[in-house]
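Inside the fold
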Amino acid sequence: MNNPPLLQVRRLSRSFDRNVPVLRDVSFSLTEGSWTILAGSNGSGKTVLMNHLNGLEKPDKGEILFRGQKIETMGDEIRRRVGLVFQNSDLQFVEQTVARELAFGPTNLGLPRRKIELRVQEVCDELGLEKLMDRRPHTLSGGEKKRVAIGGILVMEPDLLVLDEPFTGLDWAGVDQVLRTLIPLHKKGMSLLLITHDLAKCAAHSDRMIILSEGRIRREGTPEEILPGVEEWGIRRPEGLTWLK
Ligand SMILES: Nc1ncnc2c1ncn2[C@@H]1O[C@H](COP(=O)(O)OP(=O)(O)O)[C@@H](O)[C@H]1O
Ligand SMILES: [Mg+2]
């Protein structure tokens with residue numbers, strides 16, 4: 001028997017104002033271990049779609065299944081399984097030091113102190129955050145902030161990491177830092193959904209690409225299949241090889 005996909009979105013629709021649908025009959029699946037890019041121009045519905053993936057927002061129609069189970073039957077568990085890294089790291093931070101920021105999620109889950117310390121240390125080592133542990137998150141560089149925000153989600157041991165426009169506002173060194181964080185995570189088996197309008201920085205690392213335009217899925221396939229036609233959907237086509245390849 002085939003295993004169900006990691007995440008399956010089925011015929012999702014959502015409007016805020018009845019006359020203006022933001023997501024229209026959106027269906028797609030993510031497989032275990034995949035690095036998928038969800039690409040779309042500004043206003044295409046990417047962030048709204050992301051907020052549905054772990055139940056933060058509820059669709060008007062349609063459903064989402066995590067490993068075959070409807071997410072609304074999973075309670076808070078779905079928030080742990082599907083970790084969202086928001087576009088603006090500053091809005092994600094709640095604590096006064098990086099160490100406390102990393103401990104925040106597991107503390108809220110009520111995990112035993114020893115387990116929290118262990119998870120924080122693991123993520124600190126994995127992402128190379130040791131030198132930042134006593135810093136205030138808000139005072140970090142853009143790339144450092146994004147790594148800490150990713151760390152704050154990884155401590156929850158998600159099965160899918162979703163990142164909304166993780167390169168926004170980052171300089172070259174910041175983008176480099178973020179990619180150098182994501183590439184080994186993916187190599188170790190983490191499933192990634194990277195949401196962006198900026199394919200140049202990440203296309204080379206993905207194995208699947210989904211195009212969203214005006215709330216509809218327009219294309220789905222391998223980067224080789226999708227990249228040549230992306231400009232039709234208002235997304236810039238990267239020239240040649242992209243970052244860190
Ligand atoms: N809370 C909301 N209320 C009303 N409209 C919204 C809300 N959130 C998003 N929208 C609208 O939904 C559309 C898609 O937004 P969004 O998902 O943020 O786009 P993207 O992330 O692709 O740039 C936009 O037209 C936006 O104005
Ligand atoms: Mg957005």
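Heads up: the structure comes first, above all this text.
None of the values given here were measured: they were computed from a predicted structure.

So, how was this worked out
Residues numbered from 1 in each chain as written. Chains lettered and ligands numbered in written order. Predicted model: local features only at pLDDT ≥ 70, side-chain atom pairs only at ≥ 80, totals over all residues. Helix = DSSP H or I, 4+ residues; strand = E, 2+ residues; numbered from the N terminus. Rg over C-alpha atoms; globule rule 2.2 N^0.38 Å. Buried ≥ 20, exposed ≤ 12 C-beta atoms within 10 Å, placed from the backbone. Contact = placed C-beta atoms within 7 Å. Core = buried A, V, L, I, M, F, W, Y, C linked by C-beta atoms within 7 Å. Axes fitted to C-alpha atoms, helices over the stretch in contact; angles between N-to-C directions. Parallel < 35°, antiparallel > 145°, perpendicular 65-115°, else oblique. Left-handed = near helix turned anticlockwise from the far one by under 90°. Nonpolar A, V, L, I, M, F, W, Y, C, P; charged D, E, K, R; others polar. Expected span 1.5 Å × (residues − 1). Near = placed C-beta within 6 Å.

Take the overall build of the chain next. Scanning the chain from terminus to terminus reveals eight helices and 10 strands. The C-alpha radius of gyration computed for the chain amounts to 18 Å, which stays within 12% of the reference 18 Å derived for 245 residues, consistent with globular compactness. In terms of principal-axis extent, the alpha carbons of the chain reach across some 45 × 45 × 40 Å. Classification of the 245 residues of the chain by burial places 40% in the buried group. Long-range pairs, those at least 24 residues apart, make up 70% of the contacts in the chain between residues at least 6 apart in sequence.

Time to look at the nonpolar core. Among the nonpolar cores identified, the biggest contains 61 residues, and Leu7 and Val162 are the most heavily contacted of them. It is helix α6 (residues 142-154) that provides the largest number of residues to this core, a total of five residues. Val162 has contacts with Met50, Leu53, Val82, Gly83, Leu84, Val85, Leu193 and Ile195, leaving out every residue within four places of it along the chain.

On to the packing of α6 against helix α7 (residues 172-187), then. At a minimum axis separation of 8 Å, α6 and α7 run at an interaxial angle of 25 degrees. The orientation of α6 with respect to α7, classified from their angle, is roughly parallel. When you trace α6 past α7, the crossing you get is right-handed. On the side of α6, the interface is formed by Gly142, Gly143, Lys146, Arg147 and Ile150, while α7 contributes Ala173, Gly174, Gln177, Val178 and Thr181. Its residues placed into classes, the contact of α6 with α7 shows three nonpolar, five polar and two charged.

An ideal rise of 1.5 Å per residue puts 22 Å on 16 residues; α7 measures up with 23 Å between its terminal C-alpha atoms. Listed as buried for α7 are Gly174, Val175, Gln177, Val178, Leu179, Thr181 and Leu182. Buried residues along α7 sit against α5 (113-127), α6 and β8 (191-196). One or two steps after α7, the chain reaches Gly189, where phi turns positive at roughly 115 degrees.

Time to look at the site of ligand 1. Lining the immediate surroundings of ligand 1 are Phe16, Val22, Gly40, Asn42, Gly43, Ser44, Gly45, Lys46, Thr47 and Val48. In terms of residue count, the dominant contributor to the shell around ligand 1 is helix α1 (residues 46-53) (three residues). Considering only residue class, the shell around ligand 1 consists of three nonpolar, six polar and one charged.

As far as function goes, none of this settles anything; it's purely spatial.
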